[in-house]
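Results of the structural survey
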Amino acid sequence: VSNGPPLSVGWQSQSQFFVNLEEYDDAKAEPRSRTEMRFDGMLRVHILQRSGHTMSDIVKATAAVRRIQQQRQETIQSCTHVLRFQNATKSIRKKLPSFNAIGKRSFSSKEGFHSATKSCHETQSITSH
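Residues numbered from 1 in each chain as written. Predicted model: local features only at pLDDT ≥ 70, side-chain atom pairs only at ≥ 80, totals over all residues. Heavy atoms only, no water.

A cluster of nonpolar side chains, contributed by Val19, Leu21 and Tyr24, occupies part of the molecular surface with about 320 Å² of accessible area. Structurally, valine 19 is set in the segment before α1 (21-27). Residue class for valine 19 comes out partly exposed when judged on its relative accessible area of 46%. (Patch = residues over 30% accessible without salt bridge, like charges linked within 9 Å, V, L, I, M, F, W, Y side chains within 5 Å. Areas by Shrake-Rupley, 256 points an atom, 1.4 Å probe, with all protein chains shown as cover. Salt bridge = Lys/Arg side-chain N within 4 Å of Asp/Glu carboxyl O. Helix = DSSP H or I, 4+ residues; strand = E, 2+ residues; numbered from the N terminus. Buried < 20%, exposed > 50% of the residue type's maximum accessible area, 1.4 Å probe, protein only.)

To continue, consider a negative patch on the surface. Together, Glu22, Glu23, Asp25 and Asp26 make up a region of like negative charge exposed at the surface. Mapped onto the secondary structure, glutamate 22 falls in helix α1. Judged by its relative accessible area of 62%, glutamate 22 falls in the exposed class. (Lys, Arg positive; Asp, Glu negative; His and termini not counted. Charge placed at Lys NZ, Arg CZ, Asp CG, Glu CD.)

So, on to the layout of surface pockets. Volume-wise, the largest pocket comes out at about 170 Å³. What lines the largest pocket is Val1, Ser2, Asn3, Arg38, Phe39, Asp40, Gly41 and Arg44. Taken together, the residues of the lining of the largest pocket sort by class into two nonpolar, three polar and three charged. (1 Å grid on protein atoms, 1.4 Å probe; cavity = no way out; pocket = protein on both sides within 12 Å on 5 of 7 lines; lining within 4 Å. Points joined across faces, edges and corners; volume = space filled by probe spheres on them. Nonpolar A, V, L, I, M, F, W, Y, C, P; charged D, E, K, R; others polar.)

What follows is about the environment of isoleucine 58. Relative to the helices and strands, isoleucine 58 resides in helix α4 (residues 55-95). Classification of isoleucine 58 as buried rests on a relative accessible area of 1%. Separated by 13 residues in sequence, isoleucine 58 and valine 45 place their C-alpha atoms 7.1 Å apart. Discounting chain neighbours no more than four positions away, the residues touching isoleucine 58 are Pro5, Val45, Leu48, Gln49 and His53. (Contact = heavy atoms within 4.5 Å.)

Any functional reading would require information beyond the geometric quantities listed.
Put into structure tokens, the structure is as follows:
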């Protein structure tokens, strides 16, 4: 969601739905592009209101989406700093063999550094896809 509420405000998903495979093949439409699958924010508001959601529900869901997007940006920014630091230390270790031995001892004793860089690597691989 780039703006407006998500279309999943309080909806319960259906756990199973059965359909005959031949009927499905006959009825399915041509695949749509990403652009064709996007709904404008105001259209989502209209759909949600027609489905019985109050404007209060919609505003709360929109605010929740904004908070999540902000948290993602903060995580990406903090990981960027950690990854830059990690890359700089790798570069220094290659250039200075004596720093390599010192650096390994000091960083290996700090579990927080390793868990932070691992978390950032995982976030980086998810956001790069």
